[in-house]
Amino acid sequence: MRFEQLDVWKRASRLSCQIYQLTESVSNWGFKDQITRSGLSVPSNIAEGEERETLKEKIRFLYYAKGSLGELVTQLYIGAEIEYLDKQMAMSMVKEAKELAKILGALIKQKQAQIKEDNADYQTK
């Protein structure tokens with residue numbers, strides 16, 4: 001499957017676009033750069049992983065994407081707390097990021113199960 005067909009990639013891409021829009025008026029360049037990069041990292045790592053050859057590589061990049069979601073959630077909380085971001089919008093994005101993390105977790109488990117199935121040593125008598 002091409003990464004463009006994955007709902008998790010589509011949703012992560014939309015979230016990244018929303019982050020750019022939400023931070024448009026943020027004057028603190030360091031904060032703005034960090035939160036936009038973590039948001040952009042999610043769909044980018046999903047795409048890069050899906051373009052890799054082995055399941056282990058695909059899984060590794062899904063873990064990177066999941067890690068970037070954790071980073072993003074942290075930055076959204078902080079941005080709302082210090083009033084760089086609209087609190088309601090930030091909390092909506094936190095909810096979406098957490099849902100995406102759950103989806104990625106399930107996708108990782110699914111791919112790990114494929115590896116175990118591929119490596120199973122079936123004995124026949």
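Above: the structure in question.
Keep in mind that what you see is a predicted model, and the values were worked out from it rather than measured. (Residues numbered from 1 in each chain as written. Predicted model: local features only at pLDDT ≥ 70, side-chain atom pairs only at ≥ 80, totals over all residues. Heavy atoms only, no water.)

Examining unusual backbone geometry
Phi at glutamate 83 is positive, roughly 65 degrees, even though this residue is not glycine. Residue placement: glutamate 83 occurs in the loop between α3 (55-81) and α4 (87-119). (Helix = DSSP H or I, 4+ residues; strand = E, 2+ residues; numbered from the N terminus.)

A closer look at the packing of aromatic side chains
Under the criterion given, the structure shown has three aromatic pairs. Here phenylalanine 31 and tyrosine 84 contribute two aromatic rings whose centre-to-centre distance is 5.2 Å and whose plane-to-plane angle is 75 degrees, an arrangement assigned as edge-to-face. Highlighted residues: phenylalanine 31 in helix α2 (residues 29-50) and tyrosine 84 in the loop between α3 and α4, separated in sequence by 53 residues. Relative accessible area serves as the criterion here: at 13%, phenylalanine 31 is assigned to the buried category. Here tyrosine 84 falls in the partly exposed class, since its relative accessible area comes to 33%. (Phe/Tyr/Trp six-rings, centres within 6.5 Å; stacked < 30°, edge-to-face > 60°. Buried < 20%, exposed > 50% of the residue type's maximum accessible area, 1.4 Å probe, protein only.)

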